[in-house]
Structures are given as structure tokens and as C-alpha cells.
Amino acid sequence: MELFIQQVISGLASGAIYASLAVALVLIYRSTDIVNFAQGEMAMFSTYIVWQLLQNGAPYWLAVGVTLVASFIAGIAIERVIIRPVEGRPELIVVIVTIGLLILINALAGYIWSFQVRGVPSPWVARNVDLGGVRVGVSTLGILAVVALVVGLLFVLFARTRLGLVLRAAAENPESSRLVGIRVGWMLALGWGLAAAVGALSGILVAPILFLDPNMMLSVLIFAFAAATLGGFDSPGGAVLGGLIVGVTENLAATYVDVIGTDLKIIVPMLLIVAVLLLRPQGLFGHARVERA
Amino acid sequence: MRRINLADPATQRRVKALGLVLLLAVAVWLPTYYVPYRVFQLTTVLVYAIAVLGLGLLTGYNGQISLGHGAFYAVGAYTTAILMEAGLPYLLAIPPAAVLTFILGFGLGIPALRLHGPYLGLVTLGVAAVTPPLLKRFSGLTGGSMGLSVSKPVAPEWSGLANDQWLYYLVLAFAVATFALARNLIHSRAGRAMIAIRDNELAARTMGIPLARVKTRAFAWSAMYAGIAGGLSTWVIGFLSPDSFAVTVSIQFLAALVVGGLGTIFGPLFGAAFLVFVPNVSQNINDAAPGIAFGALLILAMYVAPGGIAGLLRTGWIRLVSATAPRPKPPPGAQPPPVGSTTPATPRAEGGLTVDAEQ
């Protein structure tokens, strides 16, 4: 039983990491209708910035703060420069552009920092806390707290502020928003900026566990895709819950299903994606899209 | 001297046939001129070209995106390797790989029917990501992380060829056959159905095209091409391990297809050449340089040249055709045509660049 609870809790921690990348995917999908295949690579690049700042002697949380701001600006720039020309074009073209972005960012990171594997220090003390008889790592609690904080802030932004309202309006109904004077283009860019910053967090949190190299986020991306698919691609809350479910399922499957073990963990999100897309394509909390021919 | 009129269909056929014969002649001559290492590279180009052509049938002609063709490539490679290890002659080891990947492609094509665009991309990317761990997991069959070694085909004595040349000609034969088959497929009823579905699914269905059958078969053919290419890669390299079939392989195939030319037959050949020679040239600069070139080209192609290299060549060809076409004599007293007006009846290229068309 204790093993079970421990596995669930450590599953929640990795789930929180997937959730932050999944929320990034959802933010972009909601604002621009694009599934961003480059989201993981953007997060990876941000993580390298943190690593570089740490190498230069910056304190950890300052490095993270600076990186999040830089990622936000970079996200806006990517939308305005690279994505804007293909918005509204056929799906195939948009997918190919985000794949191009994936390859490009991956190679840029390799170009700047080489493909060598780097260790990134963990900001948490390596200790366990006793929570009602279950030993939980401080890092687990820290990751959960950070992601909860960010998701909470996002919720406040979208539900309680004027900017959030404008952002939602621009995503929901660009035509009408334009008519009431909202600068829709900039709002979409802002969505990309927010996504880049939230996604960056997933890279920063996962780096001490997975070690940093340009291909670090490829598997995390698959898990995040599973989370977003499960929760519904247009539901940020769903993405968070989806992330947690994926994280826990992955951990339990690895512990209790012999065939899977630790090597085959990646098959869990894969099966989840296929199952959800076939049985309930809009996900748990998403809205089914009505197509009019 | 008689003026060449490329707008005349008979002339056009003759020029195209001449071009093909020339291309084939060059392909046959190449390995007699170059050193073994170059011949090896050229063989690799042909192998990749077959795989990319398979992806092109699916993505370029049927509009279904796949980020997972590396998985079929891997299955083809492993099937061939395992059968060769079991003592099957190397030529006989390819057909089972083709059949198996055809069936697997058909199987993946069924869930793909319900997915479109990015979602199909997601699922196929997942398939690609699962492949290396699966290969490692079933190590009894695949040799696990250690991989498998097979002995490369040896040139028979009667041929008088070196081993690398023999291998090149074998792969060339496969490439010619698969390209010819793909060309005929595209010009057949099934091919036109594939293109119709790509351009407008609803309209295609209204015209009575059986969507499910055409799409699953396109997937199956496409996977089989990747499988054959995988099998050939086993001959060429003689060694395979799970890590050589990472997700990046699938992504590279897509990149090669787009850069070479979506919805073209010869685009995959250019794309494959890019895959092999761009790293060769740019690795001197940096390990990451090929990736930067590919990523940038992929994005750039979508902005300015959705037809890739083959599309650019085709545009050039059409210009040439209209430039050589005889201009109709204006009736006496009529205004001369404005400068730069194109002559009518320029032949439209087949399977145009409709990836750009609104759906």
C-alpha cells in the first residue's frame, strides 16, 4: 500500500511537469488553432538559458525569472515572425511549419551548446518529508507547488482580469473582437508568449531528473500531448488534470505491469492518445467541434 | 532550322522520355566513376528516396501526415535482418518485410481514418517514439540495445563488380521499380481517388470515392515503401540497433519530402539527396548545421515554395514550355498582345501543388 501511495505521489510530480507543457499546448491551440509540435523544443531552449545563466553564476530563482521573461518575449516573436504567415492556412502546412521550428530550435540548441549531456542542479534539498506515514521527496512537493502556483496565476489572469477577458475574446471570436477594438493579432501573440513561458517551466523542472540535452523534451512532449488530448485540447483545466492522470498512470503501469516496466513507459501516453482520440476525440473536458461543410 | 515546340504533347513526351533515359544512364554510370565511399552514399540516397517516396504517396498525394514512417522503416529493416540471420538469401528477405509493413500500415490506417491533420501527426509521432523502446524490449528477437549484424550482400563472380557496386545496382533496381510503380499508381484510378481526397474529402465522397478503402490502402502502400527501404538499408549498412530508428528518422523523412517536393514523384529523390549530402557538406561547420538548414528550409518552403525543389523545377519547365510555344499570329489590324502575356494552352502539370488549396 505504501508503495502504491508513493508511486501515486511521484506520478503526480511528473504529471505536474507534463501538465505545464500541456497547458502551453492548450494556450496556443486555443488562441491560434495550432498544435505546436515545437513546444517541447522551445521549453528545452529555455532550459539551456537557465543552465547558461547558472554557469555564469546567477542565483537559481533569478535565472529562472529572467528565463521566463525571455521565453515570453521569444514566444511573442515566434508567433509574429514565423507563425503569422501561415495562420489559417491548411492544417498540413501549419503542422509542417511547427515541425520545421522543432528541427530548427533543436539544431540551434545543439549549435550553441553542443549535443553534450549537461547536469542541471535541482533547486530542492534532497530530503524526504514524512507525510502521515508516507515518505515524499521535497522535490516532489516543490514541483507540485510551483506548477500549482503557475496554474493558479493563469487562472486568475484569464478569469479575473480585463486582459484575460480580452485574450479569451480574441481566441473565441476574432471577428467580433476586432469590431470592438481588440488588437487580435497581438492577443494571439500574447497567447504564444504565455505558452512559451509556462512551457519553459516544464523544461526547467524536468531537467534535473532527465539531464539536459537538445533531445530532452521529445519524450516529455509525447506525454504532454497525451495530457492535452485527454483533458481536451481547448481546456486548460483539463490539460492540468490530464497531465496528472498521465503521470500517475505512467508510474503505476511501470510499477505494476511487468510488460511495461521502466523501459516501455512511453507506450502509456501513446495508448492513451489513441484511445482518447478514437473514443472521445474532444477529450474529457473539451468541446466537440461542429463542422459545417 | 525547325523550332522546338515544347507545347506540342508529342515533343513533350519525347523530351521527358529522353530526360528519363539520361537520368537512368547517369545513375548506371555513377558507381563506375566514384570511389566506394561515394557509391555507398549514393546507395543510401536511393534507399532514403524509396522511403521518402512512400511518405510522399501518403502525405503528398493523399494529404495524410505521418511523423512515424521511421517505425515502418525499422520494421522493414529488422524483418530483413532477422530473416537473413535465419539463413534466408538476402533477396528473399525483402518481400516478407514488404508484406509485413503493408499489413501494419493498413492497420495504422484504420484509426487514422478518424484523425486529421495535427492529430494524425500526434499519433504517428507516438508510434515513432515507441519504436526504439519496443525494439529494446523484445531483445530476444532484435538483439536489444546491442543490435544485430548481418553480412552484406556479396557480388556474384559472373557480374565482375565490386561489392559496393553490386549493392548499388541492386538498390537502383528496387528504386526504379518502386518509382515506376508509384508513378503508375498516381496515374491510375486509385491515384486520382487519393488526390481527390487530399484536395477535398467531402467532394470526393460525394463523387462516390470509397474514402475508407482508398485512405487505408494509401497508408498500406506508403508503409510498404518505407519497409522495403528499411530492408534495403540493412543490406547497405549491415548493422542495425534501436537507436538508429529514433523519432528523428521519421522527422527527417518528412523534412526531405517537403524540401524535395510534396505531391511530386521526383521530389523524394532530391529530398533524399539532401538528407545524405547536406550533412556531408555542413558537418564541417558544426554538427548542428544540417538541422538548422533543414528546419529553416522546411519553414521557408512553406512560405515561398510549397512544391519544394521539384515544384521549382516544374515551374521552370512550364515557363520553358510557354516560351517555346508558337505565338498565334494576330489577325491583320489587331492590337499586338501586351508584352509579357502568356500564350494560351500551357499544359498544366499533373498533381498540381494543391497542398496550398483551401480545404
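Here the structure is a predicted model, which means the values were calculated and not measured. The residue numbering used here restarts from 1 in each chain and proceeds along that chain's sequence as written. In the order they appear in the text, chains get letters beginning with A and ligands get numbers beginning with 1. For a predicted model such as this one, the threshold for reporting local features is a pLDDT of at least 70, and the threshold for listing and counting side-chain atom pairs is 80 or more; totals across whole chains, interfaces and linings nevertheless cover every residue.

Student: So what's going on with the overall build of chain A? Residues and values would help.
Tutor: In terms of helices and strands, chain A carries eleven helices and two strands. Each helix is a run of H or I in the DSSP string that is no shorter than four residues. Each strand is a run of E no shorter than two, and both are numbered from the N terminus. Seen in sequence order, chain A has helices and strands lined up from the N terminus as α-α-α-α-β-β-α-α-α-α-α-α-α. Taken over C-alpha atoms, the radius of gyration is set against a globule rule of 2.2 Å times the number of residues to the power 0.38. Against the compact-globule benchmark of 19 Å for 293 residues, chain A has a radius of gyration of 19 Å, which places it among compact chains. The principal-axis extents of the C-alpha atoms in chain A amount to approximately 60 × 50 × 35 Å. Residue burial in chain A is summarised as follows: out of 293 residues, 49% are buried. When contacts within chain A are restricted to residue pairs at least 6 apart in sequence, those whose partners lie at least 24 apart make up 73%. Exposed residues have 12 or fewer other C-beta atoms within 10 Å of their own C-beta, buried residues have 20 or more, and partly exposed residues fall in between, where C-beta atoms are placed from the backbone. In this description, any two residues whose backbone-derived C-beta atoms lie within 7 Å of each other are considered to be in contact.

Student: Would you mind going over the overall build of chain B in detail, with residue names and values included?
Tutor: From N to C terminus, chain B includes 14 helices and two strands. Counting the 359 residues in chain B, one finds 47% classified as buried. Of the contacts formed within chain B by residues at least 6 apart in sequence, a portion of 77% connects residues at least 24 apart.

Student: Tell me about the interface of chain B and chain A, residues and numbers included.
Tutor: Facing 40 residues of chain B, the contacting portion of chain A comprises 38 residues. Of all the elements in the fold, those that place two or more residues in the side of chain B that touches chain A are α5 (117–137), α11 (247–260) and α13 (289–304) of chain B. Sort the elements by how many residues they give to the side of chain B that touches chain A and α5(B) lands first, with 13 residues. Side-chain classes follow a simple rule in which Ala, Val, Leu, Ile, Met, Phe, Trp, Tyr, Cys and Pro form the nonpolar group, Asp, Glu, Lys and Arg form the charged group, and the remainder, Gly included, forms the polar group. Its residues assigned to classes, the side of chain B that touches chain A comprises 26 nonpolar, nine polar and five charged.

Student: Quick one: what's the story with the packing of helix α2 (residues 36–62) of chain B against α11(B), residue by residue and with numbers?
Tutor: All names here are of chain B. Taken N-terminus to C-terminus, the directions of α2 and α11 make an angle of 75 degrees; their axes are 9 Å apart at the nearest point. It follows from the interaxial angle that α2 and α11 lie roughly perpendicular. Contacts between α2 and α11 involve Tyr-48, Ala-51, Val-52, Leu-55, Gly-56, Thr-59 and Gly-60 on the former and, on the latter, Phe-253, Leu-254, Ala-256, Leu-257 and Gly-260. Looking at the contact of α2 with α11, its residues break down into eight nonpolar, four polar and no charged. For helices, the fitted axis covers only the stretch in contact; all axes are lines through C-alpha atoms, and the angles between them, taken along N-to-C directions, range from 0 to 180 degrees. Angle categories are assigned with fixed cut-offs, so that under 35 degrees is roughly parallel, over 145 is roughly antiparallel, 65 to 115 is roughly perpendicular, and the rest are oblique.

Student: Explain unusual backbone geometry residue by residue, including any values.
Tutor: Residues and elements named next belong to chain A. Located in the positive-phi region is Asp-33, a residue other than glycine, with phi close to 65 degrees. Looking at the secondary structure, you find Asp-33 in the loop between α1 (2–32) and α2 (39–55). Of note, the phi angle at Phe-211 is positive, near 70 degrees, even though the residue is not glycine. Examined against the element boundaries, Phe-211 turns out to sit in the loop between α8 (184–210) and α9 (217–231).

Student: Summarise the packing of α9(A) against helix α10 (residues 236–256) of chain A; cite the residues concerned and give the values.
Tutor: All names here are of chain A. Two elements in contact, α9 and α10, have axes whose closest approach is 7 Å; the angle formed by their N-to-C orientations is 125 degrees. Viewed along their axes, α9 and α10 adopt a mutual orientation that is oblique. Viewed along their axes, α9 and α10 form a crossing whose handedness is right-handed. Seen from α9, the contacting residues are Phe-223, Ala-226, Ala-227, Ala-228, Leu-230 and Gly-231; seen from α10, they are Gly-238, Ala-239, Leu-241, Gly-242, Gly-243, Ile-245 and Val-246. In terms of residue class, the contact of α9 with α10 is made up of nine nonpolar, four polar and no charged. In this scheme, a crossing is called left-handed if the near helix is turned counterclockwise away from the far one by less than a right angle; it is called right-handed if the turn is clockwise.

Student: Describe the pairing of strand β2 (residues 134–137) of chain A, with residues and values.
Tutor: Residues and elements named next belong to chain A. As defined by bridge partners, strand β1 (residues 128–131) adjoins β2 across four bridges and the pair is classed as antiparallel. Each residue of the ladder has a partner; that of Asp-130, found in β2, is Arg-135. Pairing between two strands is assigned when DSSP locates at least 2 bridges connecting them. In this antiparallel pair of consecutive strands, β1 and β2, the connection spans two residues, and Gly-132 shows a positive phi of 55 degrees.

Student: A description of the environment of B:Gly263 should follow, citing residues and the corresponding values.
Tutor: Residue and element names in this part refer to chain B. Mapping Gly-263 onto the fold places it in the loop between α11 and α12 (267–282). Look at Gly-263 and you get buried, because 28 C-beta atoms sit within 10 Å. Between the alpha carbons of Gly-263 and Val-52 there is a distance of 11 Å; along the sequence they are 211 residues apart.

Student: Before we move on, can you summarise the environment of B:Ala128 with the specific residues and values?
Tutor: As for its position among the elements, B:Ala128 is in helix α5. Separated by 117 residues in the primary sequence, B:Ala128 and B:Phe245 have C-alpha atoms spaced 8.2 Å apart.

Student: Tell me about helix α10 (residues 211–237) of chain B, residues and numbers included.
Tutor: Multiply 1.5 Å by the residue count of a helix minus one, and that product is the helix's expected span. Over its 27 residues, α10(B) runs 39 Å from end to end, which matches the ideal 39 Å to within 8%, given 1.5 Å per residue. Taken across its 27 residues, α10(B) has 21 buried, putting it largely inside the fold.

Student: Describe in detail the confidence of the model for chain B, supporting the description with residues and values.
Tutor: Residues and elements named next belong to chain B. On a scale of 0 to 100, pLDDT captures the predictor's confidence in every residue. For chain B, per-residue confidence averages 85 on the pLDDT scale, and residues scoring 70 or more make up 89% of the total. The low-confidence segment residues 340–359 (pLDDT under 50) makes 35 contacts with residues lying over four places distant or belonging to another chain. Overall fold confidence (pTM) sits at 0.87, and the ipTM for the predicted complex is 0.86.

Student: A description of the environment of A:Phe158 should follow, citing residues and the corresponding values.
Tutor: Structurally, A:Phe158 can be placed in helix α5 (residues 138–160). Each C-alpha atom, one on A:Phe158 and one on A:Val184, is 16 Å from the other, the two residues being 26 residues apart in sequence.

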